[in-house]
Amino acid sequence: MLFNQIEFLFFFIVVTTLFFTLPHKLRWVLLLGASCFFYMFFKPVYILILFFTIVIDYFSGIIIEKTNDPKKKKYFLILSLITNIGILAIFKYYNFINENISGIATIFGFSNPIPALNILLPIGLSFHTFQAMSYTIEVYRGNQKAEKHFGIYALYVMFYPQLVAGPIERATHLLPQIKIKRYFNYQNAIEGLRQILWGLFKKVVIADQCAEYADIIFSNPGNYSGSTLLLGAFFFTIQIYGDFSGYSDIAIGTAKLFGINLLRNFAYPYFSRDIAEFWRRWHISLSSWFKDYLYIPLGGSKGGTSIKIRNTIIIFLVSG
């Protein structure tokens, strides 16, 4: 289900109304059930993949916290990371790698016996993969208590407003908010609805309209002059920002109605003064994720220029 579909409007109204009608102890059940329905609306069978990773990460977190054996801690951290990264790699890169193997085999007169997979990429796979990994990493580091309530942990990973396009939340920020008893707040409702409408405007009015012109120009680039191609690039630039930040605004606004504050994901990136500032203001939750879990552990900017350049190249390679 996408935020700009009419089905989402009815889904959103029903879930939000029920949330403030039900007692607090049942609200997590409602949100988890709604999140499962939201996810299964795309391709129902993929919920099994998500459930598999949730089970692995849930028990890994508990074992990591309870054990005093450093090797056992590391083993279950690695198990969690391999599970999440492995599933992401299969869906995103299996066919890509297989096509390249076939191309190389053809050059040398061979055929590739490995079949291609006829699969679609599950919605939001990258986002809930990074969110799940941040949880087990923080439990391993001792910065986050392992969540003992399986349903609450599953909701943390699957919370439907941010399931499609983020922002990527940390357990230390989102889990406490899920557990707190909340009451309807008129100001939150107004602010949330305003942000939802602004996100829809970005997506439907700006991004989708720019996409039409960008698609026309780049579907036949040889038929247009250089200035027209530059115009197409401009439309595409506006399209990707309106599309992505629009979805983030809708997610943040939707969560706001439940009294949950999600992280800001875009801070006017096209007004940045330089490239470095641009990356700090574009998809903030992803940039900060890579900084905290990859760039800094690699040494960050310490150790001289060559180390800094190496770490930056690794970050852009992996994030790409």
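Structure: see above.
Note that the structure is predicted; figures quoted are calculated from it, not measured.

Rules behind the numbers
- Residues numbered from 1 in each chain as written.
- Predicted model: local features only at pLDDT ≥ 70, side-chain atom pairs only at ≥ 80, totals over all residues.
- Heavy atoms only, no water.
- Patch = residues over 30% accessible without salt bridge, like charges linked within 9 Å, V, L, I, M, F, W, Y side chains within 5 Å.
- Areas by Shrake-Rupley, 256 points an atom, 1.4 Å probe, with all protein chains shown as cover.
- Salt bridge = Lys/Arg side-chain N within 4 Å of Asp/Glu carboxyl O.
- Helix = DSSP H or I, 4+ residues; strand = E, 2+ residues; numbered from the N terminus.
- Buried < 20%, exposed > 50% of the residue type's maximum accessible area, 1.4 Å probe, protein only.
- Contact = heavy atoms within 4.5 Å.
- Phe/Tyr/Trp six-rings, centres within 6.5 Å; stacked < 30°, edge-to-face > 60°.
- Lys NZ or Arg CZ within 6 Å of the ring centre and 35° of its normal.
- Axes fitted to C-alpha atoms, helices over the stretch in contact; angles between N-to-C directions.
- Parallel < 35°, antiparallel > 145°, perpendicular 65-115°, else oblique.
- Nonpolar A, V, L, I, M, F, W, Y, C, P; charged D, E, K, R; others polar.
- 1 Å grid on protein atoms, 1.4 Å probe; cavity = no way out; pocket = protein on both sides within 12 Å on 5 of 7 lines; lining within 4 Å.
- Points joined across faces, edges and corners; volume = space filled by probe spheres on them.

A. Highlighting a nonpolar patch on the surface. Together, Phe218, Phe236, Ile240, Tyr268, Tyr270 and Phe271 make up an exposed nonpolar region whose accessible area comes to about 630 Å². With respect to the helices and strands, Tyr268 occurs in the loop between helix H9 (226-257) and helix H10 (275-281).

B. Up close: helix H11 (residues 284-295). Those residues of H11 that fall on the buried side of the exposure criterion are Ser285, Leu286, Trp289, Phe290, Tyr293 and Tyr295. Looking at the buried residues of H11, the elements they touch are helix H5 (125-141) and helix H12 (305-319).

C. How the structure looks around the pattern of salt bridges. Summed over the entire model, instances satisfying the criterion amount to ten salt bridges. Note that Lys203 and Asp243 form a salt bridge whose closest N and O atoms lie 3.1 Å from each other. Of this pair, Lys203 sits in helix H8 (residues 186-219) while Asp243 sits in helix H9, placing them 40 residues apart in sequence. Connected through salt bridges with shared partners, the residues Lys203, Asp208 and Asp243 form a single ionic network.

D. Representation of the environment of Ala207 in the model. Among the secondary structure elements, Ala207 is positioned in helix H8. Among residues more than four places away in sequence, those in contact with Ala207 are Lys202, Gln239, Gly242 and Asp243.

E. Fine view of the packing of aromatic side chains. Taken as a whole, this structure holds 47 aromatic pairs when the rule is applied. Where Tyr241 meets Phe266, the ring centres are 5.9 Å apart and the plane angle is 85°; that geometry is what we call edge-to-face. Placement of the pair is Tyr241 in helix H9 and Phe266 in the loop between H9 and H10, with a sequence separation of 25 residues. Looking at Phe266, the relative accessible area reads 9%, which means it is buried. Between Trp279 and Phe316, the ring centres sit 5.4 Å apart and the planes meet at 80°, which makes this aromatic pair edge-to-face. Within this pair, whereas Trp279 is found in helix H10, its partner Phe316 is found in helix H12, the two being separated by 37 residues in sequence. The ring of Phe19 has Arg27 lying over it, and the distance from NZ or CZ to the ring centre is 4.8 Å.

F. Just the packing of H5 against helix H6 (residues 150-158), in detail. For the pair H5 and H6, interaxial distance at closest approach is 9 Å and the crossing angle is 135°. On the basis of their axis angle, the class for H5 and H6 is oblique. When H5 is examined against H6, the residues His128, Gln131, Ala132, Ser134 and Tyr135 are found in contact with a partner set consisting of Tyr153, Tyr156 and Val157. Among the residues making up the contact of H5 with H6, the classes are represented as five nonpolar, three polar and no charged.

G. Region of the structure containing empty space enclosed by the protein. All chains considered together, the criterion is met by one cavity of 30 Å³ or more. If you add up the space inside the largest cavity, you get close to 30 Å³. Together, Ile49, Leu50, Thr53, Asn84, Ile87, Leu125, His128 and Thr129 line the largest cavity. Sorting the residues of the lining of the largest cavity by element identifies helix H3 (46-66), helix H4 (70-107) and H5 as the ones contributing at least two each. Partitioned by chemical class, the residues of the lining of the largest cavity number four nonpolar, four polar and no charged.

Functional significance is not addressed by these values, which are geometric in nature.
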